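# Tertiary structure, described
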Amino acid sequence: MAGMSRGVVRLTLAAAWLLSAMACDPPAADPESTFRKSGGGDRTRAPDIVLVSIDSLRADHLGCYGYEPETSPTLDALAELGARFENAMSTTSWTLPSHAALFTGMFDTTHGLVDNGLRLHPGHTTLAETLRGAGYQTAGFFGGPYLHPTFGLGQGFDFYRSCMTRIASDVSGADVRDAARAEDGGAHADVTGPETVRAVSEWLDGVDERPFFLFVHLWDVHYDYIAPPEYVQRFDPDYAGDLDGLDLMGNPRIHAGMAKRDLEHLIALYDAEIRFTDDVMAQLLAALERAGRLASSIVVVTADHGEEFFEHGSRGHAQTLFDEVLRVPLLISSPGRIPAGQVIEDPVQLVDVMPTLLGLAGVSIPAGVQGRDLTPLLMGEPLPTEPALVELRLDGRNVSGLRTRSEKLLTAGDQRGMWFDLNSDPRERRALRIQGQRANRVREGLDQKLEEALAARSELGHPGAEEVGLMDALRERLESLGYLEGPGS
Ligand SMILES: [Zn+2]
């Protein structure tokens, strides 16, 4: 797969999907009208739904988002077969809260999962749960520690499996502490994409005729950057230095003032992981095709957050709320259901994914979901624009921001904050001081969003998140009293 050219991947993917979607119809001259006419598989049946979250993948490192190095032939082909959202934003810049937003359709302040000592409260209604209630088979496969069921994100899945080599899905008791330790150590160096596809293929062998919801978390783009050498060679063949992609956050050679050539190499190592994962994506789509379920699927690819390389002084993620960590890919493809070749400029957010998928599947959206069903945009109809609310708890302070297509305000609760004119300064280089009516308008927009998110939280009827440690202590106590039979019960 590594040697497959961009054109071949596109052709293979399009051909597989098209042929199965078109059934016996002769090919029409215009591929898009063919998609529209032919329909995706059996239209009387609810669609299969495949949601892929590629950890740490920033949108602007994909070909379909304008990146020059060839990181993403498969994702580019997917984008051409459906809709690509140009301005899709996460709710934050790290894994746990953004996946909670993806699964609940709620902003971080509302779902409450904003600290790594917390787990999602079972009182939430998740995407998987809602689809299961509508008759779907549900399965999730994950490759990184924060997706572990310990943090509550397995809620609603009939089958939820760890594809990490270091942390199994059925560990319990002290699992959070182990997972947290692994996050600092071994988990970063884990390579999980190939095992994830293998496990998904095995699961596909056993699915029945009912529609399914398949969630796949692909971890390998997340640091450490340790793609196979042939991938690295592709993106930086001339590098003569000795910097590797291990220990991004701890390596003292990696800092804001590091040599330019070493930084270029670091970014090439990241790009190599993207290409490696793009090939994993091709294998995942091939597995769906082999199982006869590609034509009936809506395939969504997104990311939980991006990655920064000292654009604003930091590395990795979970440090800032600049666009390099917020702007994520969002591709939604389903030939026959969704017109092909669309680029949608409207700002959208991860909270919109749940209601959109439910809308496309014809399933009612649960009360309390804050995201919007984007189906009208996918069908070429307008929706009122909605600014993105972004949040991060950093060193005990709550940083929040509001982003529209043209401007962004970031504030840690202080009066002024940082304001960026994204039209003239898309890289957020110059924080401006705005005053008067314009400042008031942006500020009021942010305050209103935050107030609504807080009010929604108070209406949940439960605390949103609960302490993982408390749960463990409770479990151990119950076990000691003989109420539980131990792991797996
Ligand atoms: Zn992540």
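Refer to the structure printed above.
What comes next concerns the included structure.

What counts as what
Just so you know, the residues in each chain are numbered from 1, in the order the chain's sequence is written. Where totals are concerned, whole chains, interfaces and linings use all residues; where local detail is concerned, this predicted model gives features only for residues with pLDDT of at least 70, and gives and counts side-chain atom pairs only at 80 or more. Note on conventions: DSSP H or I runs of at least 4 residues are helices, E runs of at least 2 residues are strands, and numbering of each starts at the N terminus. Counting other C-beta atoms within 10 Å of a residue's C-beta gives its exposure: the residue is buried at 20 or more, exposed at 12 or fewer, and partly exposed in between, where C-beta atoms are placed from the backbone. What counts as a contact here is a pair of residues whose C-beta atoms, placed from the backbone, lie within 7 Å. For two strands to count as paired, DSSP must find a minimum of two bridges between them. Simply put, an axis is a line fit to the C-alpha atoms, just over the touching stretch for a helix, and the angle between two N-to-C directions goes from 0 to 180 degrees. Expected span of a helix, by definition, is 1.5 Å for each gap between consecutive residues, and there is one gap fewer than residues.

This next bit is on the overall build of the protein. Across its full length, the protein carries 15 helices and 19 strands. Within the protein, the fraction of its 489 residues that count as buried is 51%. Here the contacts in the protein between residues at least 6 apart in sequence split such that 70% fall between residues at least 24 apart.

Strand order in the open sheet formed by eight strands is E6-E5-E7-E1-E8-E12-E2-E13, and the pairing between neighbours is mixed. With partners counted over all chains shown, the strands left at the sheet margins are strand E6 (159–162) and strand E13 (342–344), one partner each. On average, each strand axis in the sheet is inclined to that of its neighbour by 10 degrees, with strand direction left out of account. Judged from the four bridges that link them, strand E5 (residues 137–142) and E6 form a sheet pairing that is parallel.

All right, on to unusual backbone geometry then. The peptide bond linking Tyr223 to Asp224 adopts the cis configuration, its omega dihedral lying at 5 degrees. Its place among the elements puts Asp224 in the loop between strand E7 (212–218) and helix H9 (229–235). Unlike most non-glycine residues, Ser56 shows phi in positive territory, near 65 degrees. Its 28 C-beta neighbours within 10 Å are what place Ser56 among the buried residues.

Turning to the pairing of strand E17 (residues 407–411), a few remarks are in order. Of all five residues that make up E17, five are buried, and the element is covered over most of its length. In E17, alternate side chains face the same way, and those of Glu407, Leu409 and Thr411 on one face and Lys408 and Leu410 on the other are all buried. Relative to E17, strand E16 (residues 397–403) runs antiparallel, the two sharing four bridges. Residue pairing across strands places Ser400 opposite Thr411, the latter belonging to E17. Connecting the antiparallel pair E16 and E17 is a turn made up of three residues.

Bringing helix H8 (residues 193–206) into the picture now. An ideal rise of 1.5 Å per residue puts 20 Å on 14 residues; H8 measures up with 21 Å between its terminal C-alpha atoms. In the core, the buried residues of H8 are packed alongside E5, E7 and helix H10 (260–290).

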